[in-house]
There are 2 protein chains.
Amino acid sequence: MTKQLTVAVVGATGAVGSKMMEQLIKRKFPIGHIKFLASARSAGKSIEFNGETYTIEEATPEAFEGVNVALFSAGGSVSAVLAPEAAKRGAVVIDNTSHFRMDPEVPLVVPEVNRGDLAKHKGIIANPNCSTIQMVAALEPIRHAFGLTKVIVSTYQAVSGAGISAIQELKAQSENWDAGKDVEANILPSGSDKRHYPIARNVIPQIDKFTDNGFTYEEMKMINETKKIMHAPELKVAATCVRVPVVSGHSESVYIEVEKDASIQEIFEVLRNAPGVVLQDDIATQTYPMPIYAEGEDATFVGRIRQDLDNSKGFHLWIVSDNLLKGAALNSIQIAEAMLEDNLL
Amino acid sequence: MTKQLTVAVVGATGAVGSKMMEQLIKRKFPIGHIKFLASARSAGKSIEFNGETYTIEEATPEAFEGVNVALFSAGGSVSAVLAPEAAKRGAVVIDNTSHFRMDPEVPLVVPEVNRGDLAKHKGIIANPNCSTIQMVAALEPIRHAFGLTKVIVSTYQAVSGAGISAIQELKAQSENWDAGKDVEANILPSGSDKRHYPIARNVIPQIDKFTDNGFTYEEMKMINETKKIMHAPELKVAATCVRVPVVSGHSESVYIEVEKDASIQEIFEVLRNAPGVVLQDDIATQTYPMPIYAEGEDATFVGRIRQDLDNSKGFHLWIVSDNLLKGAALNSIQIAEAMLEDNLL
């Protein structure tokens, strides 16, 4: 008999939050009781979940009393304040923001890759960055089989990663563009940055703000989180993160170098047996992953696998996944499921 | 006093052909006489050029008699048959198709990079692939200053590279998408390939058909043409070519390794002084190249320049240019201008 858990959802109305609710239902997560928490401004509003109506409560520290699992996706500043309060009250926090990800005390987990790290938790587990999750899900089986020394990734990221307002902005810009009207930009590349650019009919080589070294925070997340999740501080990782006019589904052009000799057939075989990975690679039938077909799917799709023409230990891959599912909501729920199975909840 | 030339345009009504006509006028190419050639099917139709109306003539071998410069952009099979006929009659052919590019007897030229190769022509000059031109224009000054050993590029290519019908298809799909209707795909990724996929709200990791080694022809063009233009057969080049829902302007995420020590400031300095290149790189003001701002511009724009965090001789760049201008029509006319200046016409 499965334990029935008390679950709190913080940030349920956001792009990721609403997908987390869907995943809880779809995956039949054993919910005994569920509560929805938000800022004082939203408290009192009602929210639908699994055919029932709930009243949103204010997310105070006390609201986490008796909660077993708290799913946070309401922004880094909310998590910074409330996640420790929830943990202090015995909840296990699964945090979708970047706030705790590089904290050495906080496991950063993709269950297929480093499930063992969950046992070391001190009340908070961090869910990695969307573009990082799908990349490590595809690369870990290769690393396990052949070793991995180098990763160079260029991303093609969907607007839903920037929230519901970015999806609406792409739609509005696209309609105006088609109608020959002026296009207004207020959200992308980063709501909190100074300048905004249209994404319809454009690509923007900036996601999140810039750090001092010229890389963006998104790029540094991919670099640092990959090393942490894979327990590979010596792994060479470089990233260029680019927003494209796609609604959902991040794509990645990835170059890797492995340690041991590997053939394309061996890489295929490893990925065919990799948990959470679907190989879509057949040039005869033009089969390869694309974001419009990955939307709504759980898997990380991999294709366009080629051995480098100059370096037999170099390989090129094309990795696509739904950034709101495996990249966020699904991975969060999978973390909770793994903890339940491992008697950590 | 400038010589007045007789110019023939083959394929004037295509996406590149119409831009070539614009460039001839805009750049005041010294035209004494101009003629427009097409298949028998289009012969007899009229075409506007610089305020006058011309009748399209059938592109027979004899039509090239007396022509000084023949600009071809009517597909590889047309060039294969007619370019040698034009050359035999004394015309210099500047061919926009891929047909002659890797022919060792045919110079493949980006004037800023390998203008000297023009002198070796035997009647036919090949204009390189669009994504190759902008990349070598940006990389050659760096190679000249610091040497270059390795290039790994992932592209974000506009639909106009696949012709006017692909532009129309993106527009129709986008309108249907916005209206919630079904989206039809008939052109991309490659009109002559078996399966077609929507490009609106999608990215397609296939441009042109596949070759036997798993790379596409577009990718192999970037690899082989880059080495030929740079006279660098030993240069390591790898490419992943991806179509994005942008009308015009190809973007490229490029990783390079140089031979000699170089600083970011030195790379900046080299690119600031590079012909045809505009440096757009200031993270404080979120300044970097983007396709919607490159459309209609002559330059190759470079930004997001970063030293690799693991390899001091590794650099990341973001290169954008209008694929129909520097990537095709403009480069063709610049070839003709360079030949005129060098007394090769």
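The name that an unreviewed UniProt entry assigns to chain A is Aspartate-semialdehyde dehydrogenase, with the source organism given as Lysinibacillus capsici. For chain A, the Function (unreviewed entry) comment in UniProt is given as "Catalyzes the NADPH-dependent formation of L-aspartate-semialdehyde (L-ASA) by the reductive dephosphorylation of L-aspartyl-4-phosphate." Its UniProt record gives chain A the following Subunit (unreviewed entry) comment, quoted word for word: "Homodimer."

So, on to the domain arrangement of chain A. Residue and element names in this part refer to chain A. By domain assignment, chain A separates into domain 1 (5-127 + 328-341) and domain 2 (132-322). Look at where the C-alpha atoms of domain 1 and domain 2 centre, and you get two points 25 Å apart. Interface area for domain 1 against domain 2, summed over the two sides, is near 1500 Å², with a carbon-plus-sulfur share of 65%. Run the count over domain 1 and domain 2 and you get three salt bridges. One salt bridge in this structure joins Asp298 and Arg27, with 3.8 Å as the shortest N-O distance. Taken together, the connections running from domain 1 to domain 2 amount to five residue pairs in polar contact (both at pLDDT 80 or more). Among the secondary structure elements, those contributing two or more residues to the side of domain 1 that touches domain 2 are α1 (15-26), α3 (111-114) and α9 (325-341). By residue class, the composition of the side of domain 1 that touches domain 2 is nine nonpolar, seven polar and seven charged.

Residues and elements named next belong to chain B. In terms of burial, strand β11 (residues 250-257) is a largely internal element, eight of the eight residues being buried. Burial along β11 is two-sided: the face carrying His250, Glu252, Val254 and Ile256 and the face carrying Ser251, Ser253, Tyr255 and Glu257 are both buried. Where β11 lies against strand β14 (residues 314-321), eight bridges are found, and the strand directions are antiparallel. Across the sheet, the residue bridging to Glu252 is Ile319, located in β14.

Attention now moves to the packing of aromatic side chains. Tallied over the full model, the rule gives 17 aromatic pairs over all chains. Where A:Phe49 meets A:Tyr54, the ring centres are 6.2 Å apart and the plane angle is 70°; that geometry is what we call edge-to-face. Among the residues examined, A:Phe49 registers a relative accessible area of 5% and is labelled buried. Between A:Phe64 and A:Phe72 the ring centres are 5.5 Å apart and the planes differ by 15°, which places this aromatic pair in the stacked class. Grouped by ring-pair contacts, the aromatic residues A:Tyr156, A:Trp318, B:Tyr156 and B:Trp318 constitute a single cluster. Here A:Arg306 stacks its cationic end above the ring of B:Phe215, 4.9 Å away from the centre of that ring.

Cut-offs used in this document
Residues numbered from 1 in each chain as written. Chains lettered and ligands numbered in written order. Predicted model: local features only at pLDDT ≥ 70, side-chain atom pairs only at ≥ 80, totals over all residues. Heavy atoms only, no water. UniProt positions renumbered as here; feature names shortened; annotations may be inferred. Domains from an automatic or database assignment. Buried area = accessible area lost by both parts, 1.4 Å probe. Salt bridge = Lys/Arg side-chain N within 4 Å of Asp/Glu carboxyl O. Polar contact = N/O pair within 3.5 Å; in protein donor to acceptor, adjacent residues only side chain to side chain. Helix = DSSP H or I, 4+ residues; strand = E, 2+ residues; numbered from the N terminus. Nonpolar A, V, L, I, M, F, W, Y, C, P; charged D, E, K, R; others polar. Buried < 20%, exposed > 50% of the residue type's maximum accessible area, 1.4 Å probe, protein only. Pairing = 2+ DSSP bridges. Phe/Tyr/Trp six-rings, centres within 6.5 Å; stacked < 30°, edge-to-face > 60°. Lys NZ or Arg CZ within 6 Å of the ring centre and 35° of its normal.

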